[in-house]
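Examining the three-dimensional arrangement
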Amino acid sequence: MKKTVRIKINGKIYEAKEEESVLSVCNRVGIDIPQLCYNEALAPYGACRLCLVEVVNGPGKKGITTSCTLRAVDGLEIVTDTEKIVKYRSILFELYLAQAPNSEEIREMAAKYGVTKTRFSKKVKPLDPLGNKCVLCGQCVRVCNEIMGTAAIGYIGRAFYTRINTPYLEKSDVCMGCGACVEVCPTGAIQMEDIQDKRVMKSWSGTEVKLKKCKSCGRYFAPEPIAEFAYTKLDPEIKEELKDLCPDCRRKLLSKREILISQGEVPMNGE
Amino acid sequence: MKIRRFEDLENVRKAGIKKLLPDKPRVAVGLATCGIAAGGQDVYEALEAALKKKGVNAFLTKTGCFGICSEEPLVNIVMPGKPLVILHKVQKEEVDLIVEKVAKGELPEEKVLCKIEEWDHLTLDKPLYYGRGYKNIPLWNEISYFKPQKKVVLRNAGIINPEDIEEYIAVGGYSAAYKALTEMSPDEIVEEVKKSGLRGRGGAGFPTGLKWEFTKKEDSNIKYVICNADEGDPGAYMNRNEMESDPHMIIEGMLIGAYAIGATEGYIYVRAEYPLAIERLKLAIKQAKEYGLLGKHIFGTGFSFDIRIVAGAGAFVCGEETALIASIEGKPGRPRPRPPFPAQKGLWGKPTNINNVETWCNIAPIIKKGGEWFSRIGVEKNTGTKVFSLVGKVKRTGLVEVPLGTPIREIVYTAGGGSATGKKVKAVQTGGPSGGCIPENLFDLPVDYDHLASAGSIMGSGGMVVMDEDTCMVDTARYFLGFTLDESCGKCVPCREGTKRMYDILEKITKGQGTEEDLLTLEELAETVKATSLCGLGQTAPNPVISTIRYFKDEYTKHIKDKVCPARVCRALIDYFIVPDKCRGCTICMKSCPVDAIDGGPGLIHIIDQTKCIACGTCMDVCPFDAVIKLSGEKIETPDKPIPIKKGR
């Protein structure tokens, strides 16, 4: 168990686990801080620079820093929304509005913090597989790498021309079609669609992943690599029984059996 | 042979001395990249052939660079018992003359730059004595280029052969490592480095002893030391020269550092664009292994240490320590937030100490002569020396090593000899693309970490670019920003998007399309990028813009309000004219113009059609009579069409 520490945010004292990120504390206690690249499940990344706070007291460096990379320690005192932070954040929002002109999420978020216009020319890339919505927060890349261990997508190029996609813009043969990237994307930039027996990762160079068919009802219910991966984690006996069943049919089977048992009958295998 | 005891080191030293002070003439050609580029390799080969042909019994060898690059190729000559003499600007055609003189025990006097009677290599108990004589030749430190200099880092550069470990040992090399490993405890070493006050020479100036202590304190059975040799600032080449001229001093520094913090493995991360440095480092590591100075049980102690070289993959941002570590691990060179610092979690997640090349170069003398000795060089809180690469529009270019706290004026005027063009020096740019421009009226500013920072620049790795009145400060800011914009890793928003937007505004201004609002936006962006970027690259990228706005705002205003480029650099804002009184009607400009904008003919006054002219400047370059002038915001009277030149003019 990590020890509990007390930190001061905007003059009020809050409890936190030692080394917990300050942004996580703020999110938990309801202090509003904008954020694009932060995800509790992933290692702190510090790329979107929106979660700025100012350290006014504490053992480390004072001044403006990102709260996602700032660790809670006893005696830490921070303030949010100072005049400077608001000013810098506004400019960052202007940069975002220009970078991802098609993103409704960015427009809404910027408007919430008072930025509705940008002074910079809109960065419109023709035929952008991410629909000119990507802000390069890297959540998709990190979830694919850190959580799924797949690394099907990565960064291409650098600087202003950085993009995210599959290596060499070729269909990925390692993508498992889990859709975690779609799930974590804060701007809804990633396109994925299930077409018959295939899951098509439209944004990722048209990568296709086969879907598994339910042996009971016949519908396609999960990408094959994900199902196979899940079966490796199951008890071999249960695995034999539940393999190739969609979640609905699985539930049906198990419920039915419970009922039969409660009525004193012995269910047949697969019944 | 393996060096285990002090006597072994002494024996190699004596063998090396015989090469430095042979009983026959020693002729050594400066063959660092600068010398080779100036034709040094040709001179070396010509000397080899001439000595053989004339049957002269001399010892021909090579050295690194002595620092005065504008005088390359340099050739050192030592006659037994006489001072070392440095010849400058030696051409291969002059080699026969040199060899003839050497054969007679004389010197080609017209080629002589200076002499060295004795040289303090710092790691020897007393200076190496060559001899006295040659009354008419000035001593090396009587030459104004060297007057403000003190050679600590460059203590052996240009004197010993960088490819021969025996010559390094001859001047006291590895004796500091011997002392450290056999007589000192790791704590004592860290204490000595702390006492010296040495600060990181990569630019940020973090106290080296403290950094070592952090890594030393970490409890881990595996630790690493890294030498950051990813030098990449435009116009800066100190580290390249340090590696090419004296690679063993880096290895020795790392060996001492590794012992102090308890590391068993070291990496030198060199940019791949430095092939000669890599070659010489590789050779030096091989030799050090042969002599048992790297490998297992060094000096017969229980300490083992090895060094590997990693060639960079061509990204400037890999000079940032967390990006550098990622690059060694085979990942894309992208910085990550700190903490954890490399001292806690560095290479492969293990405690790692990273220092710049030049920081490592200072270690051996500090151990040999003591931290106290080092702390007396320079000024308070800025101890020791710093090597600067003095380039740009200055008369004498090269590497200048001065004690910290030396005024800029002394570097630019005493060492550099002032303007190369005869035009007034306007500013110096220090610290490369992360630095700033310091105007001439602040040249009394002492060069140290703190004063440079207060003037809006940084020490950086030591680039110093001199600019004269023909340099446009807006264009300079645009140039440096273009560099960082290109080298941004693309991870964080302010650096990736912000620098591009700043660049766009600067480009607009240099095209004469800028507005006052643009300038305000530029300033706001600069402040935001500086304050909010993730790593040092973004945090310092706006410095060239901020400092030029701070000191040269009138130039920005002239571009914006008057559509004038005072330095006449920005192409969209300049016009070329042919002065009627000077034109001789030779037609050369007309024939050279790539867009047929010049009208004229033999014997006629030529005129430029301003609607067609693209301001490329070709006419000005080719005119043999200096009749073409460049103006910004001004015009001169010219005829409407070509008319005959008045007779008798």
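Below: a short report on this structure. Each chain carries its own residue numbering, running from 1 in the written order of its sequence. Both sets of labels track the order of writing: A upward for chains, 1 upward for ligands. Thresholds applied to this predicted model are a pLDDT of at least 70 for local features of residues and 80 or more for the giving and counting of side-chain atom pairs; totals over whole chains, interfaces and linings are not thresholded and use all residues.

Opposite the 23 residues of chain B that make contact, chain A presents 22 residues. Counting from the N terminus, the helices are DSSP H or I runs at least four residues long and the strands are E runs at least two residues long. When residues of the side of chain B that touches chain A are traced back to their parent elements, those giving at least two are helix H18 (473-487), helix H19 (493-510) and helix H20 (516-532) of chain B. In terms of residues, the side of chain B that touches chain A owes the most to one element, H19(B), which gives seven residues. Partitioning the side of chain B that touches chain A into residue classes produces 10 nonpolar, six polar and seven charged. We call two residues in contact whenever the C-beta atoms placed from their backbones are within 7 Å. Three residue categories are used. Nonpolar comprises Ala, Val, Leu, Ile, Met, Phe, Trp, Tyr, Cys and Pro, charged comprises Asp, Glu, Lys and Arg, and polar comprises the others, including Gly.

In this section: helix H2 (residues 83-99) of chain A. Expected span of a helix: the number of residues minus one, times 1.5 Å. Over its 17 residues, H2(A) extends 24 Å from the first C-alpha to the last, a length consistent with the 24 Å expected when each residue adds 1.5 Å. As a rule, residues whose C-beta atom has 12 or fewer other C-beta atoms within 10 Å are exposed, those with 20 or more are buried, and those in between are partly exposed; C-beta atoms are placed from the backbone. Regarding H2(A), the residues found buried are A:Ile85, A:Tyr88, A:Arg89, A:Ile91, A:Leu92, A:Phe93, A:Glu94, A:Leu95, A:Tyr96, A:Leu97 and A:Gln99.

A few words now on the environment of A:Ile147. All names here are of chain A. When you line up the elements, Ile147 lands in helix H4 (residues 139-147). Of the residues examined, Ile147 has 14 C-beta atoms within 10 Å and is grouped as partly exposed. C-alpha separation for the pair Ile147 and Leu42, spaced 105 residues apart in sequence, amounts to 7.7 Å.

With that out of the way, let us pick up unusual backbone geometry. Following B:Glu72, the chain continues to B:Pro73 via a peptide bond in cis, the omega torsion being -5 degrees. Residue B:Pro339 is joined to B:Pro340 through a cis peptide bond whose omega torsion reads 5 degrees. Here B:Pro340 shows up in the loop between helix H12 (321-328) and strand S11 (352-356). With phi around 50 degrees, A:Asn10 is a residue other than glycine that occupies positive phi space. Relative to the elements of secondary structure, A:Asn10 occurs in the loop between strand S1 (4-9) and strand S2 (12-17). Although it is not a glycine, A:Leu169 adopts a positive phi angle of roughly 55 degrees. Take A:Leu169: it is sitting in the loop between strand S7 (163-165) and helix H5 (180-184).

Attention now goes to the pairing of strand S16 (residues 425-430) of chain B. All names here are of chain B. A large share of S16 lies buried, amounting to six of its six residues. We call two strands paired when DSSP finds no fewer than two bridges between them. Sheet topology note: the S16/strand S18 (residues 463-468) ladder contains five bridges and is antiparallel. Bridged to Gln429 within S18 is Val465. Two elements, S16 and strand S17 (residues 436-439), share four bridges in a ladder whose sense is antiparallel. Pairing of Gln429 across the sheet is with Cys437, part of S17. Linking two consecutive strands that pair antiparallel, namely S16 and S17, is a turn of five residues; a positive phi of about 80 degrees is found at Gly431 within it.

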